[in-house]
Each structure stands twice: as C-alpha cells, then as structure tokens.
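Below are the chains, spelled out letter by letter.
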Amino acid sequence: GHDDEMERHMTLFDLIFVGVGGTLGTGIFVMVPLLASSAGPAAVVSWLLSAMASLLSGFCFAELAGQIPAAGSTYAYVYASIGELPAVIAACCLT
C-alpha cells in the first residue's frame, strides 16, 4: 500500500534555493578560475558587464511576457512573434 512511499522532507522554499544555488554555484565555481587566469584584475569589470547583460535580458523577457496574454512557454512566445510552424519547431527542439 502507501507504507512503501518515501516521505517528503523538503519544502518548496528548500527546492527553490537548491535550484538557484546549483545554478549560481556552478557558474561561480567553474568560471572564477578560468576568468581570473585570462582576465586578471579586469575580471570584476567582466562580471559587472555580464550582470548588466543578464539584467537587460531579464527586462526584455519580462516585457515580452507582459505583451503575450498566454501562459509563458517557448511555444507561446514563438507563436505570438513568428508564427505557428516556427513555434512547433521550437517546441520540438525542447523535447
């Protein structure tokens, strides 16, 4: 019966921060030695430029999501901006 099921111990908050920590941690721990060896002291400038590009990209996606009255998905975004066939192709590439 149900006695064999595993119990949940992590909350939604825990799962979100595991995902965010994994994403940020991987980028930081992998890129810092590579960037420091090639860029030297200018690594800080490089990090600031990439942070600004990420922020602008986030603003662009927020603007796009606000313009499309459907649930946010790759299919919906491509369908609204380009058309049905490219949306189907984009959706197939993700699966």
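Look up: the structure comes first, before these words.
Chemist: Which residues make up the overall build of the protein chain, and what are the values?
Modeler: Within the protein chain one finds 4 helices and 0 strands. Relative to the globule expectation of 12 Å for 95 residues, the C-alpha radius of gyration of the protein chain, 20 Å, shows a markedly less compact shape. Dimensions of the protein chain, computed from the C-alpha atoms along their principal axes, are close to 55 × 50 × 25 Å. Counting every position in the protein chain, which comprises 95 residues, the buried fraction comes to 11%. Summing over all exposed atoms, the protein chain offers an accessible surface of approximately 8000 Å²; the carbon and sulfur share of this is 71%.

Chemist: Residues and numbers for the packing of helix α1 (residues 12-39) against helix α2 (residues 43-67), please.
Modeler: Two elements in contact, α1 and α2, have axes separated by 9 Å at closest approach and are oriented at 130 degrees. Of the possible angle classes, the one that applies to α1 and α2 is oblique. In contact with Gly27, Ile28, Met31, Val32, Leu35 and Ala39 of α1, α2 contributes Ala43, Ser46 and Trp47.

Chemist: Before we move on, could you go through the packing of aromatic side chains and cite the residues and values that matter?
Modeler: Any pair of aromatic rings gets described here by the distance separating the centres and the angle formed by the planes. Evaluation of the coordinates by the stated rule reveals 2 aromatic pairs. Each ring, one from Phe13 and one from Phe17, has its centre 4.6 Å from the other, and the planes form 55 degrees; the classification is tilted. You can see Phe13 and its partner Phe17 sitting in helix α1, 4 residues apart, about one turn around the helix. By relative accessible area, Phe13 is classed as exposed at 55%. On the numbers, 5.8 Å between centres and 15 degrees between planes, the contact of Tyr75 with Tyr79 is stacked.

Chemist: Explain helix α3 (residues 74-81) to me, and be specific about the residues and the numbers.
Modeler: Those residues of α3 that fall on the buried side of the exposure criterion are Ala76, Tyr77 and Val78. Among the structural elements, α2 and α4 (84-94) are those in contact with the buried residues of α3. With its phi angle positive at about 145 degrees, Gly83 sits one or two positions after the end of α3.

Chemist: Tell me about the environment of Tyr75, and name the residues and values.
Modeler: Mapped onto the secondary structure, Tyr75 falls in helix α3. The spacing of Tyr75 and Trp47 is 28 residues in sequence and 32 Å in space, taken between C-alpha atoms. With sequence-adjacent residues up to four places away left out, Tyr75 is seen in contact with Glu84, Ala87, Val88 and Ala91.

The rules we used
Residues numbered from 1 in each chain as written. Predicted model: local features only at pLDDT ≥ 70, side-chain atom pairs only at ≥ 80, totals over all residues. Heavy atoms only, no water. Helix = DSSP H or I, 4+ residues; strand = E, 2+ residues; numbered from the N terminus. Rg over C-alpha atoms; globule rule 2.2 N^0.38 Å. Buried < 20%, exposed > 50% of the residue type's maximum accessible area, 1.4 Å probe, protein only. Areas by Shrake-Rupley, 256 points an atom, 1.4 Å probe, with all protein chains shown as cover. Axes fitted to C-alpha atoms, helices over the stretch in contact; angles between N-to-C directions. Parallel < 35°, antiparallel > 145°, perpendicular 65-115°, else oblique. Contact = heavy atoms within 4.5 Å. Phe/Tyr/Trp six-rings, centres within 6.5 Å; stacked < 30°, edge-to-face > 60°.

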